[in-house]
Amino acid sequence: MRNKKATTFKYEVQQLQYKQDGSRKFEQSLDVYKPRHGSKDGGAEIVVVLVLGSGWLGHCPLLYHVFNWWNAGGPQTICSKLGYTCISVRHSGGFFRLPRFLDLALAAILISSVMYQIHSAVAGLIIFVGIVVTWVLLAFQGPGASLEDMMEDVASALDFVRSENVVPANSRLVVGGYSSGAHVLATLLHHRPEILDTSSNAENRLEVVGILYLSGVLSLKSPILNLLTLALFGKNSSKVPQPYQQGTPPNMPHLLIGCEHETFGIPILDETFCVVPYSKWLSSLKIPVTYKLVPSDHWNILASQVLSETLETE
């Protein structure tokens, strides 16, 4: 990606539903960030499709609107600083597995008793009722999405972008993901390479020219992520599909941008944000790859100046 002109581009945002089943779920929609100036060069236009991160919790309206200021930094940077159209993709999410009602009721009684001792009977009763009601409401929500459901959402979004005239017919796509969004996308691409098919017989003919992972979760080898996958998917992380050293990556240029201090310099998730080992693995497979480690952290990279500067030079 190169844009020699250092300026700020005005843009507009359009929300579209990519799942064409009539359900119109918010988490199965995408936002098109489009510069108002149109294509920079008047020729083939670069369009970045970015799967948002969510810790696999997905993008239901409540979670999305709380954390959108953070996720939106990526498409805003790509669009306003580089002048490229950027499509941010949401997907369904997993949900923490609820404890048995009896276990929760006992915990609620214990917490309420403590509140009764230090405050009042009314406070204890309010806490008890609040815990029970919250459990009931969450139970009615039903089970969360599986990783396969998330990958199916992303596959539907890619099909939609490439076949529904969302962007100009001469566009060249760079597909990518941030954080857990990188994990969902990369796992999909490693196990379903046909999703990027651009042959003459393919239904979707927009050319995909590269892969972009921003501070991506590319491995699940971490005790912390093991706890998370148990809570969300009911599986140890070793049994959850992951991109690193599994499947067949697309044989096209990859750009991986990681942070020098992913978790503020604390090395608890270094095995997860494995930009360097993943890059070396791609190189061993003769897949073109460039990686950059930038002076930022996982939560600030999307809206950072260093991200736009790095993308400008690649």
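Residues numbered from 1 in each chain as written. Predicted model: local features only at pLDDT ≥ 70, side-chain atom pairs only at ≥ 80, totals over all residues. Heavy atoms only, no water.

Applying the stated criterion across every chain, the model contains five aromatic pairs. Centroid distance Y11 to Y33: 5.8 Å. Interplanar angle 45°. Geometry classified as tilted. With Y11 in strand β1 (residues 11–17) and Y33 in strand β2 (residues 29–35), this residue pair connects regions lying 22 residues apart in the sequence. Note on Y11: relative accessible area 25%, which makes it partly exposed. Here Y33 falls in the buried class, since its relative accessible area comes to 5%. Ring-pair connections join several aromatic residues into one group, and the members of that group are Y213, Y244, Y278 and W281. Here R90 stacks its cationic end above the ring of F26, 4.4 Å away from the centre of that ring. (Phe/Tyr/Trp six-rings, centres within 6.5 Å; stacked < 30°, edge-to-face > 60°. Helix = DSSP H or I, 4+ residues; strand = E, 2+ residues; numbered from the N terminus. Buried < 20%, exposed > 50% of the residue type's maximum accessible area, 1.4 Å probe, protein only. Lys NZ or Arg CZ within 6 Å of the ring centre and 35° of its normal.)

It is worth spelling out the sheet that holds strand β3 (residues 46–51) at this point. What the eight strands build is an open sheet, ordered β1-β2-β4-β3-β5-β6-β7-β8; its pairing is mixed. In this open sheet, the two edge strands, each paired with only one partner strand, are β1 and β8 (289–294). On average, each strand axis in the sheet is inclined to that of its neighbour by 20°, with strand direction left out of account. Here strand β6 (residues 207–214) runs beside strand β7 (residues 254–259); their pairing, made up of four bridges, is parallel. Counterpart to I211 in the pairing with β7 is H254. Packed on one face of the sheet, helix α2 (residues 73–82) meets β1, β2, β3 and β4 (85–89) and runs near 25° to β2. Each of β6, β7 and β8 touches helix α9 (residues 305–312); the most contacted strand, β7, lies at about 155° to it. (Pairing = 2+ DSSP bridges. Axes fitted to C-alpha atoms, helices over the stretch in contact; angles between N-to-C directions. Contact = heavy atoms within 4.5 Å.)

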